[in-house]
Amino acid sequence: KGSSSTVEAVVSTQSTGKGSSSTVEGFLTKTRDSILDKQDERREVQPELANQLDAFIQRLNTLLLVDKPFTFVLEDPTGNSFVENPAAPSADPQLKVEHYLRSKEEEDALGITAIKENNTVEEEEEEQTAVTENEDSSVMTFEAMCNACGKEARCNMKEVSIPFFKNILLMANICDHCGFKDSEVKSAGGIGERGQRIHFQMTDSEMDLQRDMLKSETARLEIPELELSMTSGSLGGRFSTVEGLLEQIKDQLSSVNPFSFGDSSKVDTATKMSSVVQGLEDIIKGKRLVELILDDPAGNSYLQNVYAPDEDPHLKITEYERTAADNDELGLSHMKTENYGEEEGS
């Protein structure tokens, strides 16, 4: 509910309505049938519109035959919509998920603006100035908005230095209204000059599972033995141990793939997903050794070298030139880095 969908091959947009669970075929069929329902009446009152809709219905019928590729766009300001990834837990090359900041109009429609405006003037003034230091002067506390209920929340932020790597920002959000808690990790520096690919072969479960690991929000994670591939943005930024990150991945696979488990799942998809989850469980319990690949175009990810300052024989770090697609994803392609203070044409 609250989402809009567009079939670009037909140039059609269906605005917000009741929430529903269906297939792409079911959605197109329902759209076609809802138009057909009133066509006889339209032919009498608005014959020109009825003729245009007849052509549109024909194009929908053509799409249902899938004679040629088409693009289906689902835009949801609430972030609560989902399209099944049949290749899960691997990445789906035909599926792209993008996150964006809601517009003022979208927040108005969702009632978020009203929630914000319920705060008193005193609270708003306090929010603007409430950046304080805890007893540990390196921890900063400031007001933020809860991602769950939209009310005022508290964010604690601390800059941490990782030996032999760089500084990072640890951020923990706590909401006293709904109890929601969340944490995130961001690089305290900028984007690296080159991308970085980390190959790590586990050889000792007890030692390797306890290695510190930083997966930035731009990193892609692969476990080839499990045919597991997580795209950038999955899990967000995380600083944990290898074991802790694997636990989070296991929980994520169960929570963000509702069509891969339960009565609605296909047998082969459910079997594959269960196999991956079981594989992760075996790694966590020390029953299986695998290779981990962390590919970060921004160069802000890290895996602890337990032999430091000596070289780790099981850890290989390779730097590479980013592709044009990588630069687009990082927002670098159209970034103006020289004379950015000057107006165009001056």
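No experiment lies behind these values; they were computed from the predicted model shown. (Residues numbered from 1 in each chain as written. Predicted model: local features only at pLDDT ≥ 70, side-chain atom pairs only at ≥ 80, totals over all residues. Heavy atoms only, no water.)

All right, on to the overall build of the protein then. Counting its secondary structure elements, the protein contains 10 helices and 16 strands. Sorting the 346 residues of the protein into buried and exposed places 32% on the buried side. In the protein, once contacts between residues fewer than 6 apart in sequence are set aside, the share between residues at least 24 apart is 58%. Accessible surface for the protein amounts to roughly 21600 Å². Of this, 49% is attributable to carbon and sulfur atoms. (Helix = DSSP H or I, 4+ residues; strand = E, 2+ residues; numbered from the N terminus. Buried < 20%, exposed > 50% of the residue type's maximum accessible area, 1.4 Å probe, protein only. Contact = heavy atoms within 4.5 Å. Areas by Shrake-Rupley, 256 points an atom, 1.4 Å probe, with all protein chains shown as cover.)

Now for a negative patch on the surface. A cluster of acidic residues, Asp37, Asp40, Glu41 and Glu44, forms a negative patch at the surface. For Glu41, the location among the structural elements is in helix α2 (residues 39-45). On the accessibility criterion, Glu41 (49% relative accessible area) is partly exposed. (Patch = residues over 30% accessible without salt bridge, like charges linked within 9 Å, V, L, I, M, F, W, Y side chains within 5 Å. Salt bridge = Lys/Arg side-chain N within 4 Å of Asp/Glu carboxyl O. Lys, Arg positive; Asp, Glu negative; His and termini not counted. Charge placed at Lys NZ, Arg CZ, Asp CG, Glu CD.)

Right, let's get into the side chain of Thr218. Topologically, Thr218 is positioned in the loop between β10 (212-215) and β11 (220-223). On the basis of relative accessible area, Thr218 is assigned to the buried category, the value being 18%. Within the structure, the side chain of Thr218 is placed 2.9 Å from the side chain of Ser216, a separation counted as a polar contact. One polar contact links Thr218 to Asp296, side chain to side chain, over a distance of 2.6 Å. Beyond its immediate stretch of four places on either side in the chain, Thr218 contacts Ser232, Asp295, Asp296, Pro297, Ala298 and Leu330. (Polar contact = N/O pair within 3.5 Å; in protein donor to acceptor, adjacent residues only side chain to side chain.)

Helix length check: helix α3 (residues 47-65) (19 residues) gives 27 Å between terminal C-alpha atoms against 27 Å at 1.5 Å per residue, within 8%. Backbone geometry just downstream of α3 places Val66 in the positive-phi region, at approximately 50 degrees. (Expected span 1.5 Å × (residues − 1).)

Here we come to the sheet that holds strand β15 (residues 302-303). Taken together, three strands build an open sheet; the order of strands is β13-β10-β15 and the sheet is antiparallel. What marks the edges here is a single partner per strand, and that holds for β13 (238-241) and β15. Relative to β15, β10 runs antiparallel, the two sharing two bridges. Of the residues in β15, the one forming a bridge with Met213 is Leu303. (Pairing = 2+ DSSP bridges.)

The next point concerns the confidence of the model for the protein. Reading fine detail from the predicted coordinates is not recommended where pLDDT is low. When pLDDT is averaged across the protein, the result is 80; 80% of the residues are at 70 or more. Every residue in residues 120-137 scores below 50 in pLDDT, and together they form 20 contacts with partners more than four places removed in sequence or on other chains. (pLDDT = per-residue confidence, 0-100.)

Looking now at the sheet that holds strand β12 (residues 228-230). The strand order across the open sheet formed by five strands is β12-β11-β14-β9-β16, and the pairing between neighbours is antiparallel. Among the strands making up the open sheet, the edge pair consists of β12 and β16 (315-320). On average, each strand axis in the sheet is tilted by 10 degrees relative to the strand beside it, whichever way the strands run. Judged from the six bridges that link them, strand β9 (residues 195-201) and strand β14 (residues 291-296) form a sheet pairing that is antiparallel. (Axes fitted to C-alpha atoms, helices over the stretch in contact; angles between N-to-C directions.)

Turning to the pattern of salt bridges, a few remarks are in order. Overall, the coordinates contain 15 salt bridges when judged by the stated rule. Here Lys104 and Asp108 are joined by a salt bridge, their closest N and O atoms 3.1 Å apart. Of this pair, Lys104 and Asp108 both sit in helix α4 (residues 104-110), four residues apart, which is roughly one turn of that helix. Residue classification places Asp108 among the partly exposed residues on the basis of a relative accessible area of 38%. For Asp176, the salt bridge is made with Arg154, and the minimal N-O distance between the two is 3.3 Å. In this pair, Asp176 is assigned in the loop between β7 (167-174) and β8 (181-187) and Arg154 in strand β6 (residues 152-161), connecting sequence segments 22 residues apart. A relative accessible area of 62% places Asp176 in the exposed class.

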